[in-house]
Amino acid sequence: MAFLLPLLEILGKCPVLFKDHRRIGAIVLTPTRELAVQIYETLQALLSQSGNELRPLLLIGGVTATLENDYEKYRKEGGSIIVATPGRLEEFLKRYSGEVGPALKDAFELLILDEADRLLDLGFESSIRNILQQLPKQRRTGLFSATMTEAIGDLIRTGLRNPVRVTVKVENSDNSESRVPTTLAIHYKLVESFEEKVILFNSLIIRRSDNPNHRMHGKKIIVYFATCACVDYYMNIFGGEGIFALHGKMPHNKRTAVYRGFLDSTGGSVMFCTDLAARGLDFPDIDWVIQFDPPQDPKSFLHRCGRTARSGRSGDALVFLQKQEDAYIEMMTNRGVPMTEFTCDIPDEVFDFDVLKQKSLKSREIYESGIKAFVSYIRFYQEHQAKFIFRLKELDVPSLARTFGLLRLPSMPELRNIFTPAQLSGFVNTIHDADAITYTDKTREKQRLVALEKSRIEKAAKQNEVENKKKRKNNVAWSEQKAKKQARQERKEISIY
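What comes next concerns the included structure. (Residues numbered from 1 in each chain as written. Predicted model: local features only at pLDDT ≥ 70, side-chain atom pairs only at ≥ 80, totals over all residues. Heavy atoms only, no water.)

1. Re the overall build of the protein chain
Next, step 1: When helices and strands are counted, the protein chain shows 20 helices and 14 strands.
Next, step 2: Whereas a compact globule of 497 residues would reach a radius of gyration of roughly 23 Å, the protein chain reaches 30 Å, over 25% beyond that.
Next, step 3: For the C-alpha atoms alone, the extent of the protein chain along its principal axes is close to 120 × 65 × 45 Å.
Next, step 4: In the protein chain, buried positions account for 47% of the 497 residues.
Next, step 5: Look at the contacts in the protein chain between residues 6 or more apart in sequence, and 76% of them connect residues 24 or more apart.
Next, step 6: Seen as two clouds, the 73 positive and the 64 negative side-chain charges of the protein chain have centres 8 Å apart. (Helix = DSSP H or I, 4+ residues; strand = E, 2+ residues; numbered from the N terminus. Rg over C-alpha atoms; globule rule 2.2 N^0.38 Å. Buried < 20%, exposed > 50% of the residue type's maximum accessible area, 1.4 Å probe, protein only. Contact = heavy atoms within 4.5 Å. Lys, Arg positive; Asp, Glu negative; His and termini not counted. Charge placed at Lys NZ, Arg CZ, Asp CG, Glu CD.)

2. Points about the pattern of salt bridges
Any two side chains of opposite charge can pair if their charged atoms end up close together.
Next, step 1: Scanning all chains against the criterion turns up 24 salt bridges.
Next, step 2: Note that Asp 20 and Arg 23 form a salt bridge whose closest N and O atoms lie 3.4 Å from each other.
Next, step 3: Exposure remark for Arg 23: the relative accessible area of 22% places this residue in the partly exposed category.
Next, step 4: For Lys 76, the salt bridge identified is with Glu 72, shortest N-O distance 3.7 Å. Within this pair, Lys 76 and its partner Glu 72 are both found in helix H4 (residues 67-77), separated by four residues, close to a single helical turn.
Next, step 5: Judged by relative accessible area, which is 61%, Lys 76 ranks as exposed.
Next, step 6: Accessibility expressed as a relative area gives 29% for Glu 72, which makes it partly exposed. (Salt bridge = Lys/Arg side-chain N within 4 Å of Asp/Glu carboxyl O.)

3. A look at the packing of H4 against helix H5 (residues 86-95)
If you want to describe how two helices pack, look at the angle between their axes and the distance between the axes.
Next, step 1: At their nearest, the axes of H4 and H5 sit 11 Å apart, and the two run at 70° to each other. By the angle between their directions, the pair H4 and H5 is classed as roughly perpendicular. Where H4 crosses over H5, the handedness of that crossing is right-handed. Along its contact with H4, which presents Leu 67, Glu 68, Asp 70, Tyr 71 and Tyr 74, the element H5 presents Arg 88, Glu 91, Phe 92 and Arg 95.
Next, step 2: The class makeup of the residues in the contact of H4 with H5 is four nonpolar, no polar and five charged. (Axes fitted to C-alpha atoms, helices over the stretch in contact; angles between N-to-C directions. Parallel < 35°, antiparallel > 145°, perpendicular 65-115°, else oblique. Left-handed = near helix turned anticlockwise from the far one by under 90°. Nonpolar A, V, L, I, M, F, W, Y, C, P; charged D, E, K, R; others polar.)

4. Overview of the sheet that holds strand S1 (residues 26-29)
Next, step 1: Taken in spatial order, the five strands make up an open sheet running S2-S3-S1-S4-S5, and their pairing is parallel. The strands lining the two open edges of the sheet, one partner per strand, are strand S2 (56-59) and strand S5 (140-144). Each neighbouring strand pair of the sheet contributes to a mean axis angle of 15°, computed without reference to strand direction.
Next, step 2: With four bridges joining them, S1 and strand S3 (residues 81-84) adopt parallel strand pairing. Note on S3: the bridge partner recorded for Leu 29 is Ala 84. (Pairing = 2+ DSSP bridges.)

5. Some words on the nonpolar core
Next, step 1: Of all hydrophobic cores here, the largest spans 114 residues; its most connected members are Ile 186, Val 223, Phe 272, Phe 374, Tyr 377 and Phe 404.
Next, step 2: Counting residues per element, this core draws most heavily on helix H16 (residues 364-382), at eight residues.
Next, step 3: Apart from residues lying up to four places away in sequence, Val 223 is in contact with Phe 201, Ile 205, Val 270, Met 271, Phe 272, Cys 273, Ile 290 and Phe 292.
Next, step 4: Core analysis: the second largest hydrophobic core is formed by 28 residues, Leu 29, Tyr 74, Phe 124 and Leu 132 among them. (Core = buried A, V, L, I, M, F, W, Y, C linked by side-chain atoms within 4.5 Å.)

6. Concerning a positive patch on the surface
Next, step 1: Judged by side-chain charge, Lys 484, Lys 485, Arg 488 and Arg 491 come together as a positively charged surface patch.
Next, step 2: Take Arg 491: it is sitting in helix H20 (residues 442-496). (Patch = residues over 30% accessible without salt bridge, like charges linked within 9 Å, V, L, I, M, F, W, Y side chains within 5 Å. Areas by Shrake-Rupley, 256 points an atom, 1.4 Å probe, with all protein chains shown as cover.)

7. Topic: the sheet that holds strand S11 (residues 270-273)
Next, step 1: The seven strands are arranged S10-S11-S9-S12-S13-S8-S14 in an open sheet whose pairing can be described as parallel. Each of the sheet's edge strands pairs with one partner strand only, and the pair in question is strand S10 (243-246) and strand S14 (340-341).
Next, step 2: Pairing of S10 with S11, which is carried by four bridges, proceeds in the parallel orientation. If you follow Phe 244 over to S11, its bridge partner there is Met 271.
Next, step 3: In the packing of helix H10 (residues 194-206) onto the sheet, contacts are made with strand S8 (184-191), strand S9 (221-224), S10, S11, strand S12 (288-291) and strand S13 (315-322), and the angle to S13 comes to roughly 160°.

8. Quick look at the state of the cysteines
Next, step 1: The tally for this structure, following the rule as stated, stands at zero disulfides.
Next, step 2: Cys 228 supplies the cysteine sulfur nearest to Cys 230, a cysteine that is in no disulfide, at a spacing of 9.2 Å.
Next, step 3: Here Cys 230 falls in the buried class, since its relative accessible area comes to 1%.
Next, step 4: The thiol of Cys 344 is unpaired, and the distance to the nearest cysteine sulfur, on Cys 305, comes to 17 Å. (Disulfide = S-S within 2.5 Å.)

9. A short note on helix H3 (residues 33-50)
Next, step 1: The first and last C-alpha atoms of H3 sit 26 Å apart over 18 residues, in line with the 26 Å expected at 1.5 Å per residue.
Next, step 2: Of all the positions in H3, only Glu 34, Leu 35, Ala 36, Val 37, Gln 38, Ile 39, Tyr 40, Leu 43, Leu 46 and Leu 47 are classed as buried.
Next, step 3: Positive backbone phi, at 75°, marks Gly 51, one or two positions downstream of H3. (Expected span 1.5 Å × (residues − 1).)

10. Some remarks on helix H12 (residues 252-264)
Next, step 1: Across its 13 residues, H12 extends 18 Å between first and last C-alpha, which sits within 8% of the 18 Å expected from 1.5 Å per residue.
Next, step 2: Where H12 is buried, its residues contact H3, S9, S10 and S11.

Next up, the structure:
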């Protein structure tokens, strides 16, 4: 609303837009497709309620509609206001510059960059600069962001004239400023190991529906994991009715279906996700935000928490931290994000981690998912921006491996170069034939067996080639040796005579 309402008020005073709907009056750029869709739908609702005849146009990649389809829709229906992701808009303006370029000349009023810092973080800076070069110099530009970065400062200096900064802050009762709404309570829980984290997670999230008196029973919850592979693994292990999974490596259609499903779900639903859903997207009525892993970029911590306690509602956020990561609490407090300790006991019931291994043995999908999640987590930890807190060499690798149901530690340079054998000795490889683990999907299993047989034949052929090459080499060496011996014998006979 902060930019759509003034946008509509400004464009409502441009009669040329109502005479020719192919004239472009405003562009809204967003970093993700989901956010673009959300803005587009909100814009449609506003136009419908106001009776405004301006024509919105959505331009996003990863969908079935081609760029040609987008242009045909623009040509037939118009595009007074374009909502787009940078890559798609850049390609659209470049390919159809002859038709779209003139439509930008005499009617364009406003450019909006929503989640501006995120646009630059995701590497859209080049696309944005290319887009800016094609827009009229005389325009209004609005940058909306929860975080000001150096890159945004550079963009302001190069792309904006006479900039004015508007800052919205929370003021406490004592007139002090806070980055946290008064209706949001942020908690932390220190755990001893990865196993303890999974046990606590299972108790709080998975088993909450068994007990009507559970503090999270019937609540709508978002759970953030470190990587896409971690989301997939825990979805394979804990997924069920009312549990959704969303991350950036999903096909767009599936992401849209999950997003819609979670939005339409009632209390008691849970969404496993990555930082794809940490910013911009508005999920109504979220009661709890659980951070299974703190984000790689500390700036995302508060963005994650901000999915709850929106529009005056109260909400809670909880982050799991290991004992050696406790300095994170002080760091966030110094950044104006105070946290209180979450009061709960680690459940007495024993979570059987051997069950995870058994699931890996019975399903190749889970087996491979666990390996990918483990590898991705090691690299997530290694590349953490708060390296003084998240030190890879202090990571309890055996504990981490057990929570992912690993049957053996994968061969990784990080494990070989950073950890000592003593640090890895706590994990015992399960003796098994990895090739014997099958996919539950019969089609995938059939393809795997064909590929396995092909690989076996190629390996045997290569081995035969190596052996034949060795034989040929030996034969050549033997022939040369025989020739030399015969030459020596001939020289000896000559010397006798």
